[in-house]
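Here is how the chains run, residue by residue.
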Amino acid sequence: MDSQGFREAAATAVDDIASYYDNLDDRDVVSTVEPGYLRKLLPSEAPVEGEAWADIHKDIEGKILPGITHWQHPGFHAFFPCATSFPSILGELYSAALSGACFNWICSPAVTELETIVLDWLAKVLGLPECYLSTGPTRGGGVIQGSASEAVLTAMVAARDKYLRETVPLDQFPEGSEAREDAIAHKRSKMVALATSATHSSTKKASIISAVRFHTIPVHADTGYSLTGPVLAKTLADLRARGLEPFFMTATLGTTDTCAVDDFAGIVSTLKSDPVHPAGTPGELWVHIDAAYAGSALVLPSVREQVTISLIENFHSFNMNMHKWLLTNFDASCLFVRDRNWFIQALTINQAVYGNNASEGGLVTDYREWQIPLGRRFRSLKIWFVLRSYGVKGLQEYISRTLKLGEEFADSLKSRPDLFEILTGPSFSLTVFRVAGKEQGKSEEELNALTKAVCDKINASGRMWVTSTALDGRFAIRMMTGVSTTEKEHVDRSWKILVEAAEEVLKA
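The paragraphs below set out a description of the structure included in this document.

Rules used throughout
- Residues numbered from 1 in each chain as written.
- Predicted model: local features only at pLDDT ≥ 70, side-chain atom pairs only at ≥ 80, totals over all residues.
- Heavy atoms only, no water.
- Helix = DSSP H or I, 4+ residues; strand = E, 2+ residues; numbered from the N terminus.
- Rg over C-alpha atoms; globule rule 2.2 N^0.38 Å.
- Buried < 20%, exposed > 50% of the residue type's maximum accessible area, 1.4 Å probe, protein only.
- Areas by Shrake-Rupley, 256 points an atom, 1.4 Å probe, with all protein chains shown as cover.
- Lys, Arg positive; Asp, Glu negative; His and termini not counted.
- Charge placed at Lys NZ, Arg CZ, Asp CG, Glu CD.
- Polar contact = N/O pair within 3.5 Å; in protein donor to acceptor, adjacent residues only side chain to side chain.
- Contact = heavy atoms within 4.5 Å.
- Phe/Tyr/Trp six-rings, centres within 6.5 Å; stacked < 30°, edge-to-face > 60°.
- Lys NZ or Arg CZ within 6 Å of the ring centre and 35° of its normal.
- Pairing = 2+ DSSP bridges.
- Salt bridge = Lys/Arg side-chain N within 4 Å of Asp/Glu carboxyl O.
- Core = buried A, V, L, I, M, F, W, Y, C linked by side-chain atoms within 4.5 Å.
- Axes fitted to C-alpha atoms, helices over the stretch in contact; angles between N-to-C directions.

**Examining the overall build of the protein chain**
So, point 1. Per the secondary structure count, the protein chain includes 17 helices and 11 strands.
So, point 2. Against the compact-globule benchmark of 23 Å for 508 residues, the protein chain has a radius of gyration of 25 Å, which places it among compact chains.
So, point 3. A principal-axis box enclosing the C-alpha atoms of the protein chain has dimensions of 75 × 70 × 45 Å.
So, point 4. Across the 508 residues in the protein chain, those meeting the buried criterion constitute 50%.
So, point 5. Summed over all atoms, the accessible surface of the protein chain reaches about 23300 Å², with 55% contributed by carbon and sulfur.
So, point 6. For the protein chain, the separation between the mean place of its 49 positive charges and that of its 62 negative charges on side chains is 3 Å.

**What to know about the side chain of Thr270**
So, point 1. Positionally, Thr270 belongs in helix α10 (residues 264–272).
So, point 2. Judged by relative accessible area, which is 12%, Thr270 ranks as buried.
So, point 3. In terms of polar contacts, Thr270 uses its side chain to reach the backbone carbonyl oxygen of Gly229, at 3.0 Å.
So, point 4. Those residues in contact with Thr270 that sit more than four places away from it in its chain are Gly229, Pro230, Leu232 and Ala233.

**Describing the packing of aromatic side chains**
So, point 1. Within this structure, the stated rule accounts for 21 aromatic pairs.
So, point 2. A centroid spacing of 6.1 Å and a plane angle of 35° characterise the contact between Trp384 and Phe385, whose relative ring orientation is tilted.
So, point 3. Overall, Trp384 belongs to the partly exposed group, its relative accessible area being 25%.
So, point 4. Every member of this aromatic cluster is reached through a ring pair, and the members are Trp71, Phe76, Phe79 and Trp465.
So, point 5. Over the aromatic face of Trp384 sits the side chain of Arg388, whose NZ or CZ is 4.8 Å from the ring centroid.
So, point 6. Above the face of the Phe80 ring, Arg478 is positioned so that its terminal group lies 4.9 Å from the ring centre.

**Considering the pairing of strand β8 (residues 420–427)**
So, point 1. Where β8 meets strand β9 (residues 430–435), five bridges bridge the pair, whose relative direction is antiparallel. Pairing of Ser427 across the sheet is with Leu430, part of β9.
So, point 2. Here β8 folds back onto β9 in antiparallel fashion, the turn holding two residues, of which Phe428 has a positive phi close to 55°.

**Notes on the pattern of salt bridges**
So, point 1. Taken as a whole and assessed by the stated rule, the structure comprises 29 salt bridges.
So, point 2. Between Arg493 and Asp25 there is a salt bridge, and its shortest N-O distance comes to 2.9 Å. You can see Arg493 sitting in helix α17 (residues 488–507) and its partner Asp25 sitting in the loop between α1 (3–22) and α2 (37–41), a full 468 residues away along the chain.
So, point 3. The exposure class assigned to Asp25 is partly exposed, which follows from its relative accessible area of 24%.
So, point 4. Across the pair Glu444 and Arg434 runs a salt bridge, and its minimum N-O distance is 2.7 Å. A residue pair is termed long-range when its members are at least 10 positions apart, and Glu444 in helix α16 (residues 444–460) and Arg434 in strand β9 qualify at 10 residues.
So, point 5. Classification of Glu444 by relative accessible area gives partly exposed; the value is 28%.
So, point 6. By relative accessible area, Arg434 is classed as buried at 1%.
So, point 7. Ionic contacts of the salt-bridge type, sharing partners, join the residues Glu92, Asp331, Arg377, Arg379 and Lys382 into one network.

**As for the nonpolar core**
As a rule of thumb, soluble globular proteins bury nonpolar side chains together.
So, point 1. Leu128, Leu253, Ile289, Phe318 and Phe428 are the most contacted members of the largest nonpolar core, which totals 79 residues.
So, point 2. Setting aside chain neighbours within four positions, we find Phe428 in contact with Leu253, Cys259, Val261, Tyr293, Ala294, Ala297, Val303, Val307, Trp325 and Leu403.
So, point 3. Counting 28 residues, the second-largest nonpolar core is a separate cluster that includes Ala151, Ala183, Met191 and Leu335.

**Here we look at the environment of Ser484**
So, point 1. With respect to the helices, strands and loops of the structure, Ser484 is situated in the loop between β11 (474–480) and α17.
So, point 2. In sequence terms Ser484 and Gly224 are 260 residues apart; their C-alpha atoms lie 28 Å from each other.
So, point 3. Discounting residues that sit within four places of it in the chain, Ser484 has contacts with Thr84, Leu327, Tyr398 and Arg401.

**Description of the sheet that holds strand β3 (residues 213–217)**
So, point 1. The strand order across the open sheet built from seven strands is β1-β7-β6-β5-β4-β2-β3, with neighbouring strands paired in mixed fashion. The open sheet has two edge strands, β1 (141–145) and β3, and neither has a second partner. Here the average twist between neighbouring strands, direction ignored, is 20°.
So, point 2. Of the pairings in the sheet, the one linking β1 to strand β7 (residues 333–337) comprises five bridges and is antiparallel in character. Bridge pairing in β7 places Val143 opposite Leu335.
So, point 3. Each of β2 (191–196), β3 and β4 (245–252) is contacted by helix α8 (residues 202–209), which is oriented at about 160° to β3, the strand it contacts most.

**Topic: the sheet that holds β11**
Strands in a sheet are paired, the pairing made by backbone hydrogen bonds, and the direction either parallel or antiparallel.
So, point 1. Spatial strand order, β8-β9-β11-β10: four strands in an open sheet with antiparallel pairing. At either margin of the open sheet sits one strand with a lone partner, and together these are β8 and β10 (467–471). Across the sheet, the mean angle separating the axes of adjacent strands is 30° when strand polarity is ignored.
So, point 2. Along the sheet face, helix α15 (residues 380–414) touches β8, β9 and β11 and points at about 160° away from the line of β8.
So, point 3. Across the sheet, α16 is in contact with β9, β10 and β11; its angle to β11 comes to roughly 30°.

**Quick notes on the side chain of Ser202**
So, point 1. Positionally, Ser202 belongs in helix α8.
So, point 2. Judged by relative accessible area, which is 6%, Ser202 ranks as buried.
So, point 3. Those residues within four positions of Ser202 in sequence are excluded, and the remaining contacts are Ser149 and Val152.

This is how it looks when you write it as structure tokens:
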């Protein structure tokens, strides 16, 4: 394909994409294909001769789109959003055209410098403390990761390295000696990462990859499924009594099941008064804040005040995904750290081929030292396009609108106490509920079965999709209203489908 062929193909592709969004509501939300459907439609081997774009193009609608679940559909109420927008798509197009590995500043100075600048912009938009800015007093800053799972792994590796440096007397052992390695290995065998039963599974996976222990702190309805200071204090004491050494914890702003927010004030108080390793001293507990979804709502000053975001200056790292709720397509997971040296000391590996005067002179940021992979894409371009296209006011209006939709849906649930019981929310456009009936003497097993039947029935409609969860053994439906294409008419339609399904199931 030459440049003229590209112009023609690109025009077709852009027209397809625009039409896809214009007519998205005409499609069912969830793909209904059977597993293995695509293997039956495609050849078993790649073509020997190149094919015409016209032949490739027709297979998008005929073979690929039938296997797509439409995350931008106005009836998509499952999981959390996976946002995009036209400015973001344009940024992705330019990024693909300017393709490069971009692990060092010299590989493409604009790639590094734009990332630093737009993440400082974002930190200010979200109201993060100055310690998370690249220009801040602690030499912090932001870096774009592929996902919140990569972010928590990066933070845990840095926390593990920091804890080992601070608690193992390395100066007593010769560099590279077996005794030094044994001392580190013994210490690591006692280190434990913490998360609650409501925390995303990525922390547990990171602990497996990091070869450290993992401990789950149970949380329940009596605390709103959030972690409190006293529970953390007891957990630390219990683990240490067993000879274990807590070194890392993920706290959450917006848990996956219910969008609960952990008690930041209680956590800060507990760690400042910790009798073994108080906050700010060697061996302190590294606290990582996972705000993958709900962090986007920090564009609203009222939300910052509600969650007391200023308290995270006491923590070590913070992550939010613009690709969930802030109109930027996957992948755009933004990780901020209070001191960049924690990443650099843990993740820097040098080879002669990486050498250049700017890096060796300490004049620039090399983001390969802030992440697990070496190479990286020009992901900041789409963030730049989104921030400039919508502005702070546009982002605030979008988040406010979707929050209101969530509140209105919860009000609808409250209007039918004969059918539904709200378990949590609305919180950050998420409401968790189940079929009512406890007051009528129905058992938990019966309520779980009825709620599951309603969930299956509304999903089978094709016009909406929700996901479920279990809270203290109670099967529940999660209804999320954060997708950018979702308007009040779509939430009203989903409410009607839900009521009809519940009435049919209960009647049966």
